[in-house]
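# Topology and contacts: notes
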Amino acid sequence: MRFSFNDLKLPDAVLAAWQRLLASRIGQRVAALPWWHRWPTRREWLLFAAALPLLFALYVLALIPFTPGIRDIRKAKLEQPAQIMSADGKQLAQFKRSNRQWVKLDEMSPSVIKALIATEDHRFYEHHGMDWRRTLGSVVHTLRGDPQGGSTLTQQLARNLYPTEIGRAPTLNRKLKEAITAFKIEALYTKDEILETYLNTVPFLYNAFGIEMAARTYFDKPAARLTVLESATLVGMLKGTSYYNPVLNPDRALYRRNTVLSQMVKRGVLQEAEFAQLKKRPMRINFERQEEPLGMAPHFAQHLRKWLIDWADRNDYNIYTDGLVVHTTIDSRLQNWANQAVARQTRTLQGVANGAWSQRDGWNAANPLVQQLVRETPAWRAARKRADSQGKDKATDKATDKDSEEDTLKALLADKAFMKQLREDKTRVQAGFVALNPATSEVLAWVGSRDFTQDAYDHVQQARRQPGSTFKPFVYGAALQQGATPDDKRVDSPVEIQLAGGEVWRPTDATPPTGREMTLRDALAYSKNTITAEVMQSVGPARVARLARALGVRQSPLDEVPALALGSSPVSLLEMVNAYASLAHGGRWLPPMMVTRIEDADGKVIAEFSPPKPERALDEDHAYALVDMLRAVVDKGTAVAVRQRYGIHADVAGKTGTTQGNADGWFILMHPEIVTGAWAGFNDARITLRSDRWGQGSRSALPMVGDFMSRALRSPVIDAKARFEPPEQSHWWSDMVGRLRERMQGWWPDQQPPAQPGQPATPEPAPAPEPAPEPTEPPGPGLSPGEEIIESTPALPAPSIPLTQGTLGPTDQRAVQEATPTTPALPGGEDAPAGTGVVITPIQP
């Protein structure tokens, strides 16, 4: 008897699809087979029926390699997160897969276990991973249009433990992988171990994983003290944590709780009379979100986590289950002092910022900057999207659209709650702090922001900001490489630098030029913009950029332009401190180091790390000479507060930095055993402290370093008597050359012309500089003793000249375009010092 597909009397749509299939090339080949035109014989039916189980078994076997392995399943029960330890043995962090606290089964309330088994898998102790009766029943109900779950607790555990490997898609492939993994779990775990693992891994919303964190989150008690009602509430959530969330949906949660109680009665673990009383009680919760412990160095830990994951992947370890113990370079004492110094100073600066932005010309609806900030918010974009969806046609009705934008702006500006939150976010002072050991480049302390919970953005390693005058040592270091000496003199006079495009850049200082000669040492100590720009012209931007990269500024791009001398290219704080550490290490560069060794769960050392061979970045003589020049910054220059205010009399050297508009304050301090650096500012560079006094690096960033160093030097952690030792001069040829040079200078004492702007300084012999004594001279030109030096804010070229484009982010680009020096009244009625100006004029033919 010939067989025809039309004999089945299928719907027209199915028949049409069948006809299209037959008309295809593959369909025509299939249709040509002889057996297709007749019913299969009884023998063929039997062969087909026998082949199905065999094909199914082969398919299951093929899936086994794609399910979690035995080793991974063994680890899941014994989850051991990596422990991050400080150099002095204090725990900094734990790298958990999720926010959970593992508790043993006997540390849980018995009512939790009874409610779970009665509701989710009442034949739990009878099956071996799959409940075949429940599975077949769920299939029947699903075919009838009433989908029901048939997973056992073991299958649910497989999904919870391996969401990536198994997935949650409602497919046969997923169900088979889930069943295979469940059988593996049953083979490796006892029933109690399965229950314990399940209850410790199941999610409960609000970053709470496991029954212990759930009990603390919803009832503020440990899992051991949960009542029957509370246990039923939490078990009831497992069917749908969001739908039965007792915080947001108490009525649904109450209904589901009573359903769980009825199931407990049905399975004989709760008395009917007790159920009748319990089901009438209202839903009572004591909600408290459980925050994951951050530790004392959260930004450092997050940076380390990325590195450790890569290391573990390369070496076949798991940071969440293998119990690794990672010994870092962080010193807990130094880290605590750094945290306290940053917290103390940012509170002070926040008060300054709040007062400045509360003034009449500060945060108000008429301020163009505030209006621009509003236009950049998600609320603005959402409002404009709603307006567009209501039929606004920008192409045909621009005037109407402009009116609509103004209405949106006015509405947001009038929203007090929105404007308050925006102001808090934008005017929140931020800071970064890092300390390195110059000899090994080990990270000793790391503070990435004011508060990790408010701002997880790392201002040590992630943020790129213009370094201002802290970049100037690289200019003078390049000059030393070209033969200059710290005692070479330059005239303090106006400077004009020709730029591409027919413009002239005239950098200025906080005070007018004196017309007197000044040594390079003093020019760096007093942070003279004019002389620094002049020196840059002598050595060339390329040499300065090359030296900065060699010393440690290796991640951020540097524009080789004249304005680089004043710190126009954004860099990270970690790069700058690393570069200064290279100077303190005799001109030898080492990459920052975070980890010394890694141990396994048994205490066996499985990896050790030591600093690599240092790279020579700067000649040792030049490095020491530059460090000696930077001593003058602390002894008599812009950083005299280190000694006067914080009483630090150790051998230290450093540099302050302030960017245009006081958007950034920097300070980096070197000691033979520690190099510290701090940055202060706002996430948005257009927001400033609105004070030329408080915006100075010596006022914003220096106090953090001073506070920290004063404690460190009084402790046994740092040797306060250590000194920068000059390089040894014991080579006979060096002595001979030095004596010959002195004799030649005696023959022609008056033949050396003074250095002119734009020309390299003539090399002069100089003995190795000795450590500078305590200052006895006035702290600066024309200043009386004790008077504070105002640092020269870098006056960068106008933004129309593409000097820094390509390195600044969108926020920093706007900052360069919009920021102008301001002179609001200072606390105490003082007037702010005059800001530095920028004059760009075309060159006359």
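Being a predicted model, the structure only gives us computed values, none of them experimental. (Residues numbered from 1 in each chain as written. Predicted model: local features only at pLDDT ≥ 70, side-chain atom pairs only at ≥ 80, totals over all residues. Heavy atoms only, no water.)

## Focus: the side chain of Asn367
Rules: Here a strand is any run of E in DSSP of at least two residues, a helix any run of H or I of at least four, and the numbering for each starts at the N terminus. By the criterion applied in these results, polar contacts are pairs of N or O atoms within 3.5 Å in which, for protein atoms, one can donate a hydrogen and the other can accept it, and in which residues neighboring in sequence qualify only through two side-chain atoms. Throughout, a residue-residue contact means that at least one pair of heavy atoms, one from each residue, lies within 4.5 Å.
Among the secondary structure elements, Asn367 is positioned in the loop between helix H16 (332–357) and helix H17 (368–375). Reaching out from Asn367, the side chain makes a polar contact with the backbone nitrogen of Leu369 at a distance of 2.9 Å. Ignoring anything within four residues of it in the chain, the contact list for Asn367 reads Trp357, Asp361 and Gly362.

## Here's the deal with the nonpolar core
Definition in use: Take the buried Ala, Val, Leu, Ile, Met, Phe, Trp, Tyr and Cys residues and link them wherever side-chain atoms come within 4.5 Å; each set so joined is a nonpolar core. When a residue's accessible area, from a 1.4 Å probe over protein chains only, is under 20% of the maximum for its type it is buried; when over 50% it is exposed; and in between it is partly exposed.
In this structure, Phe433, Phe474, Met670 and Phe708 are the most contacted members of the largest nonpolar core, which totals 143 residues. In terms of residues, this core owes the most to one element, helix H26 (residues 620–635), which gives 10 residues. Once residues within four sequence positions are removed from consideration, Met670 is found in contact with Tyr580, Leu583, Ala584, Val627, Leu630, Asp651, Val652, Ala653, Val675 and Phe724. Core analysis: the second largest hydrophobic core is formed by 47 residues, Ala118, Phe204, Met237 and Met264 among them.

## A closer look at the sheet that holds strand E15 (residues 664–671)
Using the following cut-off: By the convention used here, strands pair only if DSSP detects at least 2 bridges between them. Every angle, taken between N-to-C directions, lies between 0 and 180 degrees, and every axis is a line fitted to C-alpha atoms, over only the stretch in contact when it is a helix.
Spatially, E5-E4-E16-E15-E14 is the arrangement adopted by the five strands of the open sheet, whose pairing is antiparallel. Only two strands of the sheet have a single neighbouring strand rather than two, namely strand E5 (442–447) and strand E14 (653–658). Across the sheet, the mean angle from the axis of one strand to that of its neighbour is 10°, orientation sign disregarded. Where E15 and strand E16 (residues 674–681) come together, eight bridges link them in antiparallel fashion. Looking at the pairing, Phe667 lines up with Ala678 of E16. Contacting strand E4 (430–437), E5 and E16, H16 runs over the sheet at an angle of about 35° to E5. The sheet strands contacting helix H29 (residues 702–714) are E4, E14, E15 and E16, and the helix crosses E16 at an angle near 150°.

## What to know about a negative patch on the surface
Heads up, the rule is: Residues form patches when they are more than 30% accessible in relative terms and have no salt bridge. Like charges link within 9 Å. Nonpolar side chains (Val, Leu, Ile, Met, Phe, Trp, Tyr) link within 5 Å. Per-residue accessibility takes into account occlusion by the displayed protein chains alone, with areas from the Shrake-Rupley method and a 1.4 Å probe. Whenever a carboxyl oxygen of Asp or Glu lies within 4 Å of a side-chain nitrogen of Lys or Arg, that contact is scored as a salt bridge. Charged-residue counts in this description rest on Lys and Arg as positive and Asp and Glu as negative, His and the chain ends being excluded. Here the site of a charge means atom NZ of a Lys, CZ of an Arg, CG of an Asp or CD of a Glu.
A contiguous patch of negative charge, built from Asp619, Glu620, Asp621 and Glu728, is present on the exposed surface. As for its placement among the helices and strands, Asp619 is situated in the loop between strand E13 (615–616) and H26.

## Thoughts on the confidence of the model for the chain
Stated formally: Looking at any residue, its pLDDT shows the predictor's confidence there, from 0 to 100.
Of all residues in the chain, 77% attain a pLDDT of 70 or more, and the chain-wide mean is 82. A low-confidence stretch, residues 748–787 stays under pLDDT 50, and its non-local contacts, those more than four residues away or across chains, total 71 contacts. Within the model, pLDDT remains below 50 along residues 798–845, and this stretch shows 99 contacts once partners closer than five positions in the same chain are excluded.

## Structural notes on the pattern of salt bridges
For the structure on display, the rule yields 26 salt bridges. One salt bridge connects Asp664 with Arg465, and the closest N-O pair in it is separated by 2.9 Å. Of the two residues, Asp664 is situated in strand E15 and Arg465 in the loop between E5 and helix H21 (472–481); the sequence distance between them amounts to 199 residues. Owing to a relative accessible area of 3%, Asp664 belongs among the buried residues under this scheme.

## Let's talk about helix H25 (residues 573–584)
One turn of the α-helix equals 3.6 residues, which is why residues spaced by three or four share an orientation. Using the following cut-off: In this scheme, a helix's expected span is set at 1.5 Å multiplied by one less than its residue total.
A rise of 1.5 Å per residue sets the reference length of H25, with its 12 residues, at 16 Å; its end C-alpha atoms lie 17 Å apart and thus fit the reference within 8%. Counting buried positions along H25 gives 12 out of 12 residues, so the element sits mostly inside the fold. Those residues of H25 not exposed but buried are Leu573, Leu574, Glu575, Met576, Val577, Asn578, Ala579, Tyr580, Ala581, Ser582, Leu583 and Ala584. Taken from the residues just after H25, Gly586 is the one with a positive phi, measuring 75°.

## Focus: unusual backbone geometry
Positive phi values are uncommon outside glycine, yet Asp220 reaches one of about 55°. Taking relative accessible area as the criterion, Asp220 reaches 40% and is therefore assigned partly exposed. In the Ramachandran plot, Ser527 falls in the positive-phi region, its phi being about 55° despite a non-glycine side chain. Within the element layout of this structure, Ser527 appears in the loop between helix H22 (520–525) and helix H23 (529–539). Residue Ser527 is classed as buried on the basis of its relative accessible area, which comes to 0%.

## Thoughts on the sheet that holds strand E2 (residues 91–95)
Across the sheet, which stays open at both edges, the five strands sit in the order E2-E1-E3-E11-E12 with mixed pairing between neighbours. Edge positions in the open sheet fall to E2 and strand E12 (605–608), since each of these has one partner strand only. Taking the axes of each pair of neighbouring strands and ignoring which way they run, one obtains an average angle of 20° across the sheet. Judged from the four bridges that link them, strand E3 (residues 325–328) and strand E11 (residues 595–599) form a sheet pairing that is antiparallel. Bridge assignment links Thr328 to a residue of E11, and that residue is Val595.

## A word on the packing of H21 against H23
For clarity, the cut-off: Any angle from 65 to 115 degrees is called roughly perpendicular, while one under 35 is roughly parallel, one over 145 is roughly antiparallel, and all others are oblique. Two helices that cross are described as forming a left-handed crossing if the nearer one is turned anticlockwise from the farther one by less than a right angle, and a right-handed crossing if clockwise. Put simply, Ala, Val, Leu, Ile, Met, Phe, Trp, Tyr, Cys and Pro go in the nonpolar bin, Asp, Glu, Lys and Arg in the charged bin, and everything else, Gly too, in the polar bin.
Interhelical geometry of H21 versus H23 gives an angle of 45° and a closest axis separation of 9 Å. Our classification of the angle between H21 and H23 gives oblique. Regarding H21 and H23, the two cross each other, and that crossing is left-handed. Contact residues: H21 offers Lys472, Val475, Tyr476, Ala478 and Ala479, while H23 offers Asn529, Ile531, Thr532, Val535, Met536 and Val539. Class assignment of the residues belonging to the contact of H21 with H23 gives a composition of eight nonpolar, two polar and one charged.

## Brief notes about the pairing of E5
The element E5 is extensively covered by neighbouring structure, given that six of its six residues are classed as buried. Pairing analysis gives five bridges linking E4 to E5, with the strands arranged antiparallel. Paired with Val434 across the strands is Trp446, a residue of E5. Hairpin connection from E4 to E5: four residues lie between these consecutive antiparallel strands, with Ser441 at a positive phi of about 65°.

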